[in-house]
Each structure stands twice: as structure tokens, then as C-alpha cells.
Amino acid sequence: QVQLVESGGGLVQPGGSLRLSCEASGSIFSILTMGWYRQAPGEQREMVATMPTVGRTNYADSVKGRFIISRDNTKNTVYLQMNSLKPEDTAIYYCNAVISTMKTAPMNYWGKGTLVTVSS
């Protein structure tokens with residue numbers, strides 16, 4: 001069993017910053033990639049940033065230059081530093097990871113989400 005638990009969401013004014021965290025726990029054998037997705041009201045879920053264990057980090061065009069994804073592999077944790085936040089960044093942010101366990105091939109896991117609201 002693998003769980004992803006996000007933290008760090010909240011209300012912030014335009015131009016402000018927030019840092020999201022997501023820790024993976026359970027019977028983890030290997031983490032192939034970790035990342036963040038978001039879903040605004042009435043919209044489809046979209047990729048924000050992904051960081052594979054091997055390979056290139058990816059960002060959505062809308063957040064390039066403002067958001068930074070990072071990982072602490074010793075803690076199975078991924079972070080999302082969000083700067084210069086805009087009202088259009090308001091959404092539920094979901095942590096995502098592709099993880100293999102001792103008993104399963106790599107599978108896709110999701111956290112429950114954390115709400116980020118950018119408003120004055």
C-alpha cells in the first residue's frame with residue numbers, strides 16, 4: 001500500500017508565494033517520477049510540473065519561471081515552490097507519483113489534493 005499526502009495549500013494574495021509538499025509512504029521499492037497536477041473549477045486536470053528520477057524536469061508553459069519543483073529522495077518527498085502567484089493559479093493541486101513496490105510493477109498514485117486560492 002502506497003499513500004501520498006500533500007500539505008502547504010492555502011489562501012495567498014496575488015504576487016505571493018506558497019510551498020507545497022507531498023510525502024510518499026508505504027511499501028515503496030522504487031519511485032520513477034513525482035509531480036504536481038492541478039484542477040481548477042470547471043476545468044480538466046492539467047500537469048503543472050513533473051520530475052522523474054532519471055530524465056528531464058517538465059513544467060507547464062503557464063508556470064515556467066514562477067514555479068520550481070524539487071525532490072528529497074531520502075524522504076520520498078516532492079515540493080512545489082510557487083512564486084508570483086496569479087488568480088488563475090487557483091486550483092486543487094494533486095501530487096502524483098509512479099511507484100513500484102516489492103509486489104507490484106510501477107503504478108500511478110494520486111494524493112487527495114490541497115487547495116490553493118490566490119485572491120486579494
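These numbers come from a predicted model, not from an experiment. (Residues numbered from 1 in each chain as written. Predicted model: local features only at pLDDT ≥ 70, side-chain atom pairs only at ≥ 80, totals over all residues. Heavy atoms only, no water.)

Visitor: Describe the overall build of the chain, listing the residues and the values that go with them.
Guide: Across its full length, the chain holds zero helices and 11 strands. In terms of overall size, the chain behaves like a compact globule, its C-alpha atoms giving a radius of gyration of 14 Å where 120 residues would be expected to give roughly 14 Å. Taken along the three principal axes of its C-alpha coordinates, the chain extends 50 × 25 × 25 Å. Taken across its 120 residues, the chain has 39% of its residues classed as buried. Nonlocal contacts in the chain, meaning residues at least 24 apart in sequence, comprise 54% of its contacts between residues at least 6 apart. Carbon and sulfur atoms provide 51% of the accessible area of the chain, an area that totals close to 6,700 Å². Considering the chain, the positive charge centre built from 11 side chains and the negative charge centre built from 8 side chains are found 6 Å apart. (Helix = DSSP H or I, 4+ residues; strand = E, 2+ residues; numbered from the N terminus. Rg over C-alpha atoms; globule rule 2.2 N^0.38 Å. Buried < 20%, exposed > 50% of the residue type's maximum accessible area, 1.4 Å probe, protein only. Contact = heavy atoms within 4.5 Å. Areas by Shrake-Rupley, 256 points an atom, 1.4 Å probe, with all protein chains shown as cover. Lys, Arg positive; Asp, Glu negative; His and termini not counted. Charge placed at Lys NZ, Arg CZ, Asp CG, Glu CD.)

Visitor: Provide a residue-level description of the side chain of T101, including the pertinent values.
Guide: On the secondary structure map, T101 appears in strand β9 (residues 91-101). In this structure T101 comes out as buried when scored by relative accessible area, which is 10%. For T101, the side chain forms a polar contact with the main-chain nitrogen of K103, separated by 3.1 Å. Of note is the side chain of T101, whose polar atom sits 2.8 Å from the side chain of T104. Leave out the neighbours within four places in its chain, and T101 touches V2, S27, F29 and Y109. (Polar contact = N/O pair within 3.5 Å; in protein donor to acceptor, adjacent residues only side chain to side chain.)

Visitor: Which residues make up the environment of P52, and what values do they have?
Guide: Along the chain, P52 turns up in strand β5 (residues 46-52). As a C-alpha pair, P52 and V98 span 46 residues in sequence and 9.1 Å in three-dimensional space. Excluding its chain neighbours within four sequence positions, the residues that come into contact with P52 are L32, T33, T57 and R71.

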